[in-house]
Amino acid sequence: MTTLAKDSMEAVFEGWTSTVGKPTMDSDVRMSTRNVDVHYGDKQAIYGVDLDIGKNEVLAMIGPSGCGKSTFLRTLNRMNDTIDICRITGDIILDGDNIYDKHMDVVNLRARVGMVFQKPNPFPKSIYDNVAYGPKIHGLVTRRAELDEVVETALRKASIWDEVKDRLDQPATGLSGGQQQRLCIARTIAVSPEVILMDEPCSALDPIATARIEELIAELSENYTIAIVTHSMQQAARVSHRTAYFHLGRLIEVGKTDKIFTAPEHKLTEDYITGRFG
Amino acid sequence: MTSSSLLLLLILIAAISYFFGRKRSEVVAQSVGGVRYLHSLPNYYGLMAAVWAGIPGFVVLSLWVMFESTVIQGIVASSFPDSLKALSESQTNLLWSEINNLRSGVITNASDPALLTAAEQLTALEDRSSILKTILTLGLAGLTGAIGWKLIRPAQKARNQFEAFFRILLMLSSLIAIFTTVGIVFSVLFESVRFFREVPFFDFIFGTKWSPQIAVTADVPGSSGAFGAVPLFVGTLLIAFIALLIAVPIGLMSAVYLVEYASSKVRNVVKPLLEVLAGIPTVVYGFFAALTMAPQLKNFFEGIGVNGVSSESALAAGLVMGIMIIPFVSSLADDVISAVPNSLRDGSYGLGATRSETIKQVVFPAALPGIVGGILLAASRAIGETMIVVMAAGLAANLTANPLEAVTTVTVQIATLLVGDQEFDSAKTLSAFALGLMLFFTTLMLNVVALAVVKRFREQYD
């Protein structure tokens, strides 16, 4: 890092001591992180984040590109494990279990914390097999009839059942982008997770498909905890209960979504929301 | 002047033309207000001047060299006395070698005085041809060079012209490869037709006995020979099958390891090392198979009580060939496995699949068409391989599926049929061409299938 960049970064954080707002919750906590640092090699990407995510809550994470919100999201189900140079310290607790504990089985964890990605990524298999993939590898079902039921339920919950029920055996890659993304959500739901992480799930979709996904998020929040990273502030305002604003690896401000978007307390949050940078 | 010095001179002329063409374009640019008002950069004017000066002369020179000796021989032959003209083809060939010997002074007294005249005529004609060639080439180079020089003016579209020239040059280069292939196919095809005139086609492809010995005189017993290609193709397929049995699993697994498991440090070391295998000359593999592998196998199988193990076995050749083609399988599989988008892997990991589950159920099915293509390419390589089997598999044309016996392959037979001085008019030597044709056909089919499969794979992520 050049001296200039370092100076300007320190200037940004001059007087920054801790997150504005209330990142922790008193009850109904599903996941909580305490003092989480993430390093990629020598470069630090996340600085001491404390954040709770409540049961049946939709938490939106916003911030300019490179602010670490996707990195933070991916630490929540240990997707960063696949990156060799990534190092994570601090505690991340899911229902009382530290997910970075030696005894935590990452296979189990990812069944409990599912993930939907930025670009729809259906497997090059049939629609049915895409949804059946998770239940099969986790051994959730024993009979074909049960599997059929799990697949149908997941597709219904992802509100795509009516569109695909007549062509379950056809390749998933033939679906439109929006349908593919809802299929990926169905695939995630099929293993009955507690938390669903969504990494900019609508960034590759057109406005109509986006609207359907947003409706779906609202429905899903009745049963699941959802953490969503988004670049669209309108989307964050529409779908989330609480919003967290990240800036250069630090959690700047957390609060009720309507408060963050109407009366942000921190200068950086205000600048971002009013479009002064980002 | 000799043709090679003429060629060098032409290159020099072209280089000088480039230099002056460039200069001239800069000079003519003055009149229109500078280089920026030229149609093209000065470089292109220079290149076009070089093309004008060099290429026509080069074309004439190469045509001259190609047809020179044929034309001169034709002229000399037309002045032969009638007694010599009436001779057969092989006798005429003898005449020509005598003429050449006379000219080089190896012999001094000719069998026919007409030959002495012919030799003198030939020398005179060649001298004249040489002078004519020099004048024509250099004259043309000067003329077209001057034209090229004259053409240089600000409006000349030198860049477009040079692009067009370059396109033609590229096209001709690709045509050379195609014409060579076509030429090879036709030469093999014509010789095969001659073979099939002597041996019926169906006796060849369905016959089960291979013994291509034909005695010099017809009254020796067993002189007829047998040309059944089945044992050869069975031997080829047996060895190729053993080779693939080794290469496919090892190659695929090493590719999976390198792409999915190995850290970049390991990968950077192991991958080049694996590719060294592809760089070992096949002859070296051959004596490894014959001198190390085959005796070891014989000892091993005799040790566990299997008798009748041949010291040259299909197994030894197949094993070593398998090791040789591991890099083909692994580097092709490496490419297609790496081409599977990471988003698919993330999707699978995100659902809680382990690495091996992800590889088995997501990565492999997605990469399968490409992998199949790679395997087929490796198979055609195994079928066409010669040196290892020559040294390790033996020459006995046994029709057997037992990998411990000696078998022979199509390529081995072709090599042994054509080694040494042979006359190309007996069924024995001609059969090599028929074998070659069938082998070519087999590998061509495999390649076509492989390319079709690979093509379908490419369309999948577009």
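Before reading further, recall that the structure is shown in the block above.
One structure accompanies this document, and this report is about it. (Residues numbered from 1 in each chain as written. Chains lettered and ligands numbered in written order. Predicted model: local features only at pLDDT ≥ 70, side-chain atom pairs only at ≥ 80, totals over all residues. Heavy atoms only, no water.)

### Some thoughts on the packing of aromatic side chains
All names here are of chain B. If you walk through the whole model with that rule in mind, you get 17 aromatic pairs over all chains. A centroid spacing of 6.1 Å and a plane angle of 25 degrees characterise the contact between F162 and F166, whose relative ring orientation is stacked. Placement of the pair is F162 and F166 together in helix 6 (residues 158–198), with a separation of four residues, close to one helical turn. Overall, the relative accessible area of 14% leaves F162 in the buried class. With relative accessibility at 39%, the residue F166 sits in the partly exposed group. Relative to F206, the ring of F202 has its centre 5.9 Å away and its plane inclined at 10 degrees; by these criteria the two rings are stacked. Residue F202 and its partner F206 are located together in helix 7 (residues 201–206), separated by four residues, close to a single helical turn. Classification of F206 by relative accessible area gives exposed; the value is 57%. Members of the aromatic cluster, each reached through a chain of ring pairs, are F195, F196, F201, F202, F204, F206, W210 and F227. Above the ring of W149, the side-chain terminus of R24 is found at 4.8 Å from the ring centroid. (Phe/Tyr/Trp six-rings, centres within 6.5 Å; stacked < 30°, edge-to-face > 60°. Helix = DSSP H or I, 4+ residues; strand = E, 2+ residues; numbered from the N terminus. Buried < 20%, exposed > 50% of the residue type's maximum accessible area, 1.4 Å probe, protein only. Lys NZ or Arg CZ within 6 Å of the ring centre and 35° of its normal.)

### Points about the pairing of strand 5 (residues 86–94) of chain A
All names here are of chain A. Bridging between strand 2 (residues 29–40) and strand 5 involves eight bridges; their strand directions are antiparallel. When the bridges of strand 5 are listed, Y40 appears paired with C86. Here strand 5 pairs with strand 6 (residues 97–98) via two bridges, running antiparallel. When the bridges of strand 6 are listed, I93 appears paired with N98. (Pairing = 2+ DSSP bridges.)

### Thoughts on the sheet that holds strand 7 (residues 113–116) of chain A
All names here are of chain A. In spatial order, the strands read 1-11-10-4-9-8-7; together these seven strands make up an open sheet with mixed pairing. Edge strands, defined here as strands with exactly one partner in the open sheet, are strand 1 (20–21) and strand 7. For strand 10 (residues 242–247) and strand 11 (residues 250–256), the ladder comprises six bridges, and the chain directions are antiparallel. Within strand 11, the residue paired with T243 across the bridge is G255.

### A word on a nonpolar patch on the surface
Residues and elements named next belong to chain B. On the surface, L7, L8, I11, I55, F58, V59, L63, M66, F67, V71 and I75 cluster together into a nonpolar patch covering about 1,000 Å² of accessible area. Every element with two or more residues in the nonpolar patch is listed here: helix 1 (3–32) and helix 2 (42–78). Within the secondary structure, L63 is located in helix 2. (Patch = residues over 30% accessible without salt bridge, like charges linked within 9 Å, V, L, I, M, F, W, Y side chains within 5 Å. Areas by Shrake-Rupley, 256 points an atom, 1.4 Å probe, with all protein chains shown as cover. Salt bridge = Lys/Arg side-chain N within 4 Å of Asp/Glu carboxyl O.)

### What to know about the layout of surface pockets
If you add up the space inside the largest pocket, you get close to 500 Å³. Taken together, 18 residues make up the lining of the largest pocket; nearest its centre are A:T82, B:V259, B:E260, B:N342 and B:R345. At the level of secondary structure, the elements contributing two or more residues to the lining of the largest pocket comprise helix 8 (230–261), helix 9 (264–279) and helix 12 (342–350) of chain B. The residue inventory of the lining of the largest pocket, partitioned by class, reads six nonpolar, five polar and seven charged. (1 Å grid on protein atoms, 1.4 Å probe; cavity = no way out; pocket = protein on both sides within 12 Å on 5 of 7 lines; lining within 4 Å. Points joined across faces, edges and corners; volume = space filled by probe spheres on them. Nonpolar A, V, L, I, M, F, W, Y, C, P; charged D, E, K, R; others polar.)

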